[in-house]
Amino acid sequence: MPEKTFHKAQTIFEKASAVPSIVEAVQFHGVRVTKNDALLKEVSELYKSANLDELVHNSHLAARHLQEVGLMDHAVALIDTSATSKEGYVVNFLVREPKSFTAGVKAGVSTNGDADVSLSAGKQSVGGRGEAVQTQYTYTVKGDHCFNISAIKPFLGWQKYSNISTTLYRSLAHMPWNQSDVDENAAIFAYNGQMWDQKLLHQIKLNAIWRTLRASRDAAFSVREQAGHTLKFSVENAVAVDTRDRPILASRGILARFTQEFAGLFGDASFLKNTLDLQAAAPLPLGFILAASFQARHLKGTGEREVHILDRCYLGGQQDIRGFGLNTIGVKADNSCLGGGASLAGVVHLYRPLIPPNMLFAHAFLASGSVAS
């Protein structure tokens, strides 16, 4: 039997809208552990393709979605004609499933400028339906520790981009801006989804955090009086529009995100926090990229207690106002930063990729911000 030759989709795409198509079969090659019901949910829409253009387009979407939801590491759709029908087609997916187990070690520099080492391990598609379990341990040279384990379950279906996740973590960190250390033990439950034809991103998080603040002898009295154990139970709701071409150093697109966090049903924390994030980027001549970001936070206590120092608004550091120490802008007492009830920050960036273009950048910026007590 002679070998078949397949051509790129661009050869006929957008030229075959008048060619009717009937999908007679969808076949997968390379499947070992993925469940049949999961595959059926992912490709059922292919049978509704009315013409060859739609079939080519939908086959590409299905192959990409199989990878994005974690069912496959790699997927390619090959469309073949049927031997029994002139209008019939068979779609073959050549796939490679995720490795049964992954592990790694990484050394680098965190966003705070600390050198750290991370050990990670995970398993993808645990039950054959895209589930994933990940665990990571991170240690910095300054003595911070963080251990977390998370599990993610995607909702499968045609072009569905939603999942639920659970994360458990324990963190021990030093906070030099207020001369103290904090231990956190947390459980976080989250839902991630999309609305309005996938144009609006939506996230809901339930946070349960047991925190222990340990103030040093050098900390201001305003910090030491809040030392000890606290419980925080909060609900976060976030909606966003994101058209950026990549999440870090985007060259074009916008991000608009509004987040509300409410704490107070249980535990010691009681507040309402609103956060608005805006980002935009656009290419300029000669390879330059102009980007700008704006962030506004407002915090209001809803109980009789003063809002805890761990929940207040801070500025300073690589994430907002460069040139200042992390979280060092705002109300201070002695050598400790106490945070505030509202903050504003705006930054304008000018980037220029160097060589290699995706690793080195020339960067100029102008940043301004303020924290209100």
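Per an unreviewed UniProt entry, the protein is named Bacterial surface antigen (D15) domain-containing protein, and its organism is Caenorhabditis latens. Within the UniProt record for the protein, the comment given under Sequence similarities (unreviewed entry) is "Belongs to the SAM50/omp85 family." The UniProt entry for the protein carries this comment under Subcellular location (unreviewed entry): "Mitochondrion outer membrane".

(A) The arrangement of the domain arrangement of the protein in detail. Under the domain assignment, the protein is made up of domain 1 (9-96) and domain 2 (161-372). With centres defined by C-alpha atoms, the gap from domain 1 to domain 2 works out at 42 Å.

(B) Layout of the sheet that holds strand S2 (residues 74-81). Spatially, the three strands line up as an open sheet ordered S1-S3-S2, and their pairing is mixed. The open sheet has two free edges, formed respectively by strand S1 (22-29) and S2, since each of these has just one partner strand. Strand after strand, the sheet turns through a mean of 20° between neighbouring axes, direction not considered. Summarising the sheet, S1 and strand S3 (residues 88-96) pair through seven bridges and their orientation is parallel. Of the residues in S3, the one forming a bridge with Phe 28 is Phe 93. Sheet strands touched by helix H2 (residues 52-68): S1, S2 and S3. Its angle to S2, the strand with the most contacts, is close to 155°.

(C) Structural view of the state of the cysteines. On inspection of all chains with the given rule, the structure shows zero disulfides. Sulfur of Cys 313: no disulfide; nearest cysteine sulfur belongs to Cys 337 and is 11 Å away. Judged by its relative accessible area of 1%, Cys 313 falls in the buried class. Judged by relative accessible area, Cys 337 falls into the buried class, the value being 2%.

(D) Here's a closer look at the packing of aromatic side chains. Within this structure, the stated rule accounts for five aromatic pairs. Ring geometry for Phe 28 and Phe 93: centres 5.0 Å apart, planes at 15°, overall stacked. Taken together, the positions of Phe 28 in strand S1 and Phe 93 in strand S3 put the pair 65 residues apart, joining distant regions of the chain. We classify Phe 28 as partly exposed; its relative accessible area is 21%. Classification of Phe 93 as buried rests on a relative accessible area of 0%.

(E) Spatial organisation of the confidence of the model for the protein. Across the protein, the average pLDDT comes to 92, with 98% of residues at 70 or higher. The lowest-confidence element of the protein is strand S4 (residues 102-109), averaging 88 in pLDDT; the highest-confidence one is strand S13 (residues 271-283), averaging 97.

(F) The arrangement of the side chain of Ser 180 in detail. Position of Ser 180 among the secondary structure elements: in strand S9 (residues 180-195). Within polar-contact distance, the side chain of Ser 180 engages the side chain of Asn 178 at 2.5 Å. Those residues in contact with Ser 180 that lie beyond four places of it in its chain are Ala 173, His 174, Met 175, Leu 213, Arg 214, Ala 215, Ser 216 and Val 223.

(G) Layout of the side chain of Ser 49. Note that Ser 49 resides in the loop between helix H1 (36-43) and H2. If we skip the residues at most four places from it in the chain, Ser 49 touches Ser 21, Glu 54, Leu 55 and Asn 58.

Cut-offs used in this document
Residues numbered from 1 in each chain as written. Predicted model: local features only at pLDDT ≥ 70, side-chain atom pairs only at ≥ 80, totals over all residues. Heavy atoms only, no water. UniProt positions renumbered as here; feature names shortened; annotations may be inferred. Domains from an automatic or database assignment. Pairing = 2+ DSSP bridges. Helix = DSSP H or I, 4+ residues; strand = E, 2+ residues; numbered from the N terminus. Axes fitted to C-alpha atoms, helices over the stretch in contact; angles between N-to-C directions. Contact = heavy atoms within 4.5 Å. Disulfide = S-S within 2.5 Å. Buried < 20%, exposed > 50% of the residue type's maximum accessible area, 1.4 Å probe, protein only. Phe/Tyr/Trp six-rings, centres within 6.5 Å; stacked < 30°, edge-to-face > 60°. pLDDT = per-residue confidence, 0-100. Polar contact = N/O pair within 3.5 Å; in protein donor to acceptor, adjacent residues only side chain to side chain.

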